[in-house]
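Residue-level listing of the chains:
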Amino acid sequence: MPELSRFKGIIIRMYYDDVSQHYKPHVHVFYGGEEAVVALDGEVLAGRLPSNQYRMLNGWLALHEEEVYRAWNLAVAMKPFEKIEPLA
């Protein structure tokens, strides 16, 4: 699963052609031993993240909304996408 971004211990990944289980555009997020599937609108579809990391993720999603949707559209079309800048 290609990595979309990484910052402050949070790893954000996106699968190619990942539309069968979660029907909304989403990312897979890893932090420590936690894992969550989070829609690009911020809804947690599966799993959980600590609240601080969830807030950072939502801020990052808001800052990079256009880039994340572009990456999603490429990923579901089985095309490579660019990494997105992390939070500073």
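Note that the structure is a prediction, hence the values are computed from the model and not measured.

**Q** Explanation requested: the pattern of salt bridges in the structure shown.
**A** Two side chains with opposite charge may pair up if their charged atoms get near one another. Taken as a whole, this structure holds six salt bridges when the rule is applied. A salt bridge links E3 to K83, with the nearest nitrogen and oxygen atoms 3.4 Å apart. On the criterion of sequence distance, the pair formed by E3 in strand β1 (residues 3-7) and K83 in the segment after α2 (65-76) is long-range, its members being 80 residues apart. A salt bridge links E34 to R48; the shortest N-O distance between them is 3.1 Å. Of this pair, E34 sits in strand β4 (residues 34-39) while R48 sits in the loop between β5 (44-47) and α1 (51-63), placing them 14 residues apart in sequence. Accessibility expressed as a relative area gives 45% for R48, which makes it partly exposed. Three or more residues joined by partner-sharing salt bridges are found here, namely E3, R6 and K83.

**Q** Sorry, what's going on with α1 here?
**A** Here α1 spans 18 Å end to end across 13 residues, near enough to the 18 Å set by a 1.5 Å rise per residue. What α1 keeps buried is the set Q53, L57, W60 and L61. Taken down its axis, α1 places every buried residue within 100 degrees of arc, on the same side. Residues of α1 that are exposed and point over 90 degrees away from its buried face: R55, A62 and L63.

**Q** How should the packing of aromatic side chains be read in this particular structure?
**A** How two aromatic rings sit relative to each other is given by the distance of their centres and the angle of their planes. Inspection of the entire model under this criterion finds two aromatic pairs. Their ring planes at 35 degrees and their centres at 6.0 Å tell us that F7 and W60 sit as a pair that is tilted. On the criterion of sequence distance, the pair formed by F7 in strand β1 and W60 in helix α1 is long-range, its members being 53 residues apart. The same class applies to F7 and to W60, which are both buried. Aromatic side chains Y16 and F81 sit 5.7 Å apart centroid to centroid with 50 degrees between the ring planes, which places their arrangement in the tilted category. You can see Y16 sitting in the loop between β2 (10-13) and β3 (26-31) and its partner F81 sitting in the segment after α2, a full 65 residues away along the chain. For Y16, a relative accessible area of 31% corresponds to the partly exposed category. In this structure, R13 packs its charged tip against the face of F30, placed 5.4 Å from the ring centre.

Criteria and thresholds
- Residues numbered from 1 in each chain as written.
- Predicted model: local features only at pLDDT ≥ 70, side-chain atom pairs only at ≥ 80, totals over all residues.
- Heavy atoms only, no water.
- Salt bridge = Lys/Arg side-chain N within 4 Å of Asp/Glu carboxyl O.
- Helix = DSSP H or I, 4+ residues; strand = E, 2+ residues; numbered from the N terminus.
- Buried < 20%, exposed > 50% of the residue type's maximum accessible area, 1.4 Å probe, protein only.
- Expected span 1.5 Å × (residues − 1).
- Arc of directions from axis to C-beta.
- Phe/Tyr/Trp six-rings, centres within 6.5 Å; stacked < 30°, edge-to-face > 60°.
- Lys NZ or Arg CZ within 6 Å of the ring centre and 35° of its normal.

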